[in-house]
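Spelled out from the first residue to the last, the chains are:
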Amino acid sequence: MNVRKRLLTSHIAVILIVMILFGFFSFQIAKHAVIDKEMEIAEEITSAKADLLTREYQKVPDIDYLSRFLNLYGNDSDLFILLDDNNNIIAPKAVVDNSEILMWLNYLKNNIYDSYGKNHTELNDLTYIWALYPVENTPYKLVYLCADIDKETYPIIKQLMARMLATGIVILWIASWVSLVMSSAISQQLNKQRQKLERQATQDFLTGLANREYLQSTVDKALKGCDSNKKLLLILMDLDHFKLINDTLGHKVGDMLLKQLSDRLKKHFQDAIVISRLGGDEFAFAFFIANNYQAMQKIDKILSIVDRPFAIDSFSLDTKGSIGAAIAPEHGNTAMSLIRRADIAMYQAKESGGGFGIYDHEKDPHSVAHLTLMTDLRHVIENDQLDLFYQPKIDMKSGKITGVEALCRWRHPEQGMIRPDIFIGLAEQIGMIKPITLWVLYVGINQCKKWHRAGIPLGISINLSANLLQDSQLPSRIADALRNEGLPAEYLTLEITETAIMKDPARAMEILKQLDAMGIQLSLDDFGTGYTSLSYLKHLPVNEIKIDKSFVMDMLRDSDDATIVLSIIQLAHSMQREIVAEGIESSEIWDALVTLGCDTAQGFYMAKPMPADELERWLKESQWGLGEEAIAKLA
Ligand code: C2E
Ligand code: CA
Ligand code: CA
């Protein structure tokens, strides 16, 4: 039963009960009023009759004579009885002889004869009214008995009741209508309130999108309908630099941006199972998809929608999203597991500056494979599983190699060659990055010295992870390594990322200055992906800037990337810094960079990273290698 019906029936039930109670009490009141009236009349009649009898007795003091006056002016239901001192009935004759009446009188006797005056009693559904009076100056008493008041009084009561019933029905009818109107008004109000509460429990207050709880329950329900042809795509998106917008332009602008974005998302993704704001600048989407290609389409569309500028007050704000996605059933079969995995993918996408990522079991730091990797990584050095590969750096004017970047590889006994992208991050987490970096430093410097001894004066670049830049012992460790091998410091370049410096700029600056003072070359790696301000760059003691490969690889397809590459080159040159471009995969990019005036090049087009012995062959055979003159000197 719905609320409205319940209200209506309870309302009517209450009215009925009230009416029945009202009817009962008013009947009782009416009845007693009639009885009281009857009793008064009985008293009057009796006293009048007693007076009459007194008078007649004075004339003829004979009982038979008196009997004749007994039923004078009486009617059918009335009865006058004369009693003697001992309460024996002595008249009228009809009563004395009527055994039935005598029986009744006998029954009532105790009640009636006790005291003078009026009274009444109920017997067998009848009301008896009587009055007892002494007949003055005679030895008799007079009893008046009205045996049944029903005949006269009940019609009055019935009439009263009929009127009350009619009034009751009218009241009931009106009350029903009133309750009908009231119940529908109340139930409407309740409905509205319920809907509001439901909304509050399932919606995000600011944007009107679903909240986290609703996302979870909806995805869990939707997952029941998944099979091999119908997959569920769960996307998490986080806005880049949203904190910056909030901090610099204020929370109001931040809120307006979130609202505008939510409206766009609602409009463009009506096919979504659910769109949710999980809090802050984090959004989630769920879609049914048939294949992974559709997943990519959805991700592309979301990114492009977020990418369009937002007009807020007088500002035009640009923002970008980072996306992590997980697909059911492959990556999980509960909302929780999908959200967690999409979150891992998003985190990794952010780390690599890639915009989006789809969950990859192998990269998941919580997966069993990963946990095994972590354990194995602790023993990577003692088990001698690290290798160092070298990728040539080519001078763009001469077209010849000037140095190599040392890139480490993990030879895992079961999983084969593991890329540094995977294990360097892990090593940072478990505190293995320092021993690994020191290993790379010793082996790299040792190798470099070997080449120098063989007459190949190459420089060597080594990557320093963020954690190490905070380590005050680092400069002395490096100095030891260089001294042990006898390699002049200027042949060593340390590659540091902007984010590494930004973790603790003051401390990093101190260490960088020490390294610089030692004569070591410093290179700012992956430039363009972080937030180093141009003015800050001026104070950094770096010799070269390495443009991140993501800009270089796309510079011929994407004019924005080309502009970024050009401005970085111009900026670096204006500050007398060398420029290295990495990620050159084609002769066209090489040519373009030559035109832009880039100094040094690194990329698969010239050479991939390779082991030392392979590099030695390459140095002799490749057009980018040492050149005939240098080779001749070697021999
Ligand atoms: P990175 O410092 O940016 O190194 C350059 C990466 O770009 C290398 O990947 C290299 O193989 C790759 N690369 C070079 N040319 C091209 C190209 O033309 N196309 C493409 N697609 N890629 C190219 P790798 O060796 O997988 O290393 C990845 C990252 O791992 C490195 O990025 C570096 O950040 C880190 N890493 C590698 N070795 C070490 C190390 O010994 N210590 C530390 N801390 N990090 C390391
Ligand atoms: Ca590097
Ligand atoms: Ca790089």
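These figures come from a predicted structure and were not determined experimentally.

(A) Local environment of the pairing of strand E6 (residues 231-239). Of all the 9 residues making up E6, 9 are buried; the element is thus mostly covered by neighbouring parts of the structure. Residues Lys231, Leu233, Ile235, Met237 and Leu239 point to one face of E6 and Leu232, Leu234, Leu236 and Asp238 to the other, with burial holding for every one of them. Pairing between E6 and strand E8 (residues 282-289): 8 bridges, direction antiparallel. In the sheet register, Leu236 faces E8, and the bridge partner there is Ala284.

(B) Spatial organisation of the side chain of Glu582. Among the secondary structure elements, Glu582 is positioned in strand E20 (residues 578-582). When residues no more than four places from it in sequence are discounted, the contact partners of Glu582 are Glu405, Asp525, Asp526, Lys546, Ile547, Asp548, Lys549, Val552 and Gln602.

(C) Quick peek at the coordination of the calcium ion (ligand 3). Surrounding the calcium ion (ligand 3) are the protein donor atoms Asp525 (OD), Asp526 (OD), Glu582 (OE) and Glu582 (OE), at 2.1 to 2.8 Å. All donor residues of the calcium ion (ligand 3) come from one chain, and their arrangement in sequence is D-D-x55-E. Separating the calcium ion (ligand 3) from the calcium ion (ligand 2) is a gap of 4.0 Å, bridged by Asp525, which donates to each. Of the two residues, Asp525 is situated in strand E18 (residues 521-527) and Glu582 in strand E20; the sequence distance between them amounts to 57 residues.

(D) Broad picture of the coordination of the calcium ion (ligand 2). Donor atoms from the polypeptide that coordinate the calcium ion (ligand 2) comprise Glu405 (OE), Asn463 (OD1), Glu495 (OE) and Asp525 (OD), at 2.1 to 2.3 Å from the metal. Considered as a linear motif, the donors of the calcium ion (ligand 2) on their single chain read E-x57-N-x31-E-x29-D.

(E) Quick peek at the packing of helix H14 (residues 474-485) against helix H16 (residues 505-517). Running from N to C, H14 and H16 point in directions that differ by 25°, and their axes come no closer than 9 Å. Judged by the angle between their axes, H14 and H16 are roughly parallel. In this structure, H14 meets H16 at a crossing whose hand is right-handed. Contact residues: Leu474, Pro475 and Ile478 in H14; Ile511, Gln514 and Leu515 in H16. A breakdown of the residues in the contact of H14 with H16 according to their chemical character gives 5 nonpolar, 1 polar and no charged.

(F) Main features of the sheet that holds strand E12 (residues 356-358). Strand order in the open sheet formed by 5 strands is E7-E8-E6-E11-E12, with mixed pairing between adjacent strands. Only two strands of the sheet have a single partner each, and these edge strands are strand E7 (274-279) and E12. Averaged over all neighbouring strand pairs, the angle between strand axes comes to 20°, with direction disregarded. Helix H8 (residues 251-268) rests against E6, E7 and E8 of the sheet, and its axis sits at about 5° to E8. Of the strands in this sheet, E6, E8, strand E11 (321-328) and E12 are in contact with helix H9 (residues 292-307), which crosses E6 at around 25°.

(G) The arrangement of the environment of Lys252 in detail. As for its position among the elements, Lys252 is in helix H8. Between the C-alpha atoms of Lys252 and Ile312, which are 60 residues apart in sequence, the distance is 10.0 Å.

(H) Quick peek at the packing of aromatic side chains. Per the counting criterion, the structure on display carries 11 aromatic pairs. Relative to Phe423, the ring of Trp410 has its centre 5.8 Å away and its plane inclined at 80°; by these criteria the two rings are edge-to-face. Placement of the pair is Trp410 in strand E14 (residues 401-412) and Phe423 in helix H12 (residues 420-429), with a sequence separation of 13 residues. Judged by its relative accessible area of 0%, Trp410 falls in the buried class. One aromatic cluster is present, built from ring pairs that chain together Phe269, Phe285 and Phe287. The ring of Phe80 carries the charged tip of Lys49 above its face, separated from the ring centre by 4.4 Å. The ring of Phe287 has Lys298 lying over it, and the distance from NZ or CZ to the ring centre is 4.9 Å.

(I) The confidence of the model for the protein, seen in detail. Taken residue by residue, the protein gives an average pLDDT of 86. The fraction at 70 or more is 91%. Confidence scores differ between elements of the protein, with helix H4 (residues 99-112) showing the lowest mean pLDDT of 66 and strand E21 (residues 600-602) the highest of 98.

(J) A look at the pattern of salt bridges. Inspection of every chain in the model, using the stated rule, returns 21 salt bridges. As a salt-bridge pair, Lys266 and Asp263 come within 3.8 Å of each other at their nearest N and O atoms. You can see Lys266 and its partner Asp263 sitting in helix H8, 3 residues apart, about one turn around the helix. Under the relative-accessibility criterion, Lys266 is labelled partly exposed at 34%. Look at Asp263 and you get partly exposed, because its relative accessible area is 47%. Between Arg483 and Asp480 there is a salt bridge, and its shortest N-O distance comes to 3.3 Å. Note that Arg483 and Asp480 are positioned in helix H14 at a spacing of 3 residues, about one turn of the helix. Using a relative accessible area of 31% as the deciding quantity, one classes Asp480 as partly exposed. Bridged by salt links that share partners, the residues Lys393, Glu405, Glu495, Glu544, Lys546 and Glu582 form one connected network.

Cut-offs applied
- Residues numbered from 1 in each chain as written.
- Chains lettered and ligands numbered in written order.
- Predicted model: local features only at pLDDT ≥ 70, side-chain atom pairs only at ≥ 80, totals over all residues.
- Heavy atoms only, no water.
- Buried < 20%, exposed > 50% of the residue type's maximum accessible area, 1.4 Å probe, protein only.
- Helix = DSSP H or I, 4+ residues; strand = E, 2+ residues; numbered from the N terminus.
- Pairing = 2+ DSSP bridges.
- Contact = heavy atoms within 4.5 Å.
- Donors = N, O, S within 2.8 Å, 3.2 Å for Na, K, Ca; no water.
- Axes fitted to C-alpha atoms, helices over the stretch in contact; angles between N-to-C directions.
- Parallel < 35°, antiparallel > 145°, perpendicular 65-115°, else oblique.
- Left-handed = near helix turned anticlockwise from the far one by under 90°.
- Nonpolar A, V, L, I, M, F, W, Y, C, P; charged D, E, K, R; others polar.
- Phe/Tyr/Trp six-rings, centres within 6.5 Å; stacked < 30°, edge-to-face > 60°.
- Lys NZ or Arg CZ within 6 Å of the ring centre and 35° of its normal.
- pLDDT = per-residue confidence, 0-100.
- Salt bridge = Lys/Arg side-chain N within 4 Å of Asp/Glu carboxyl O.

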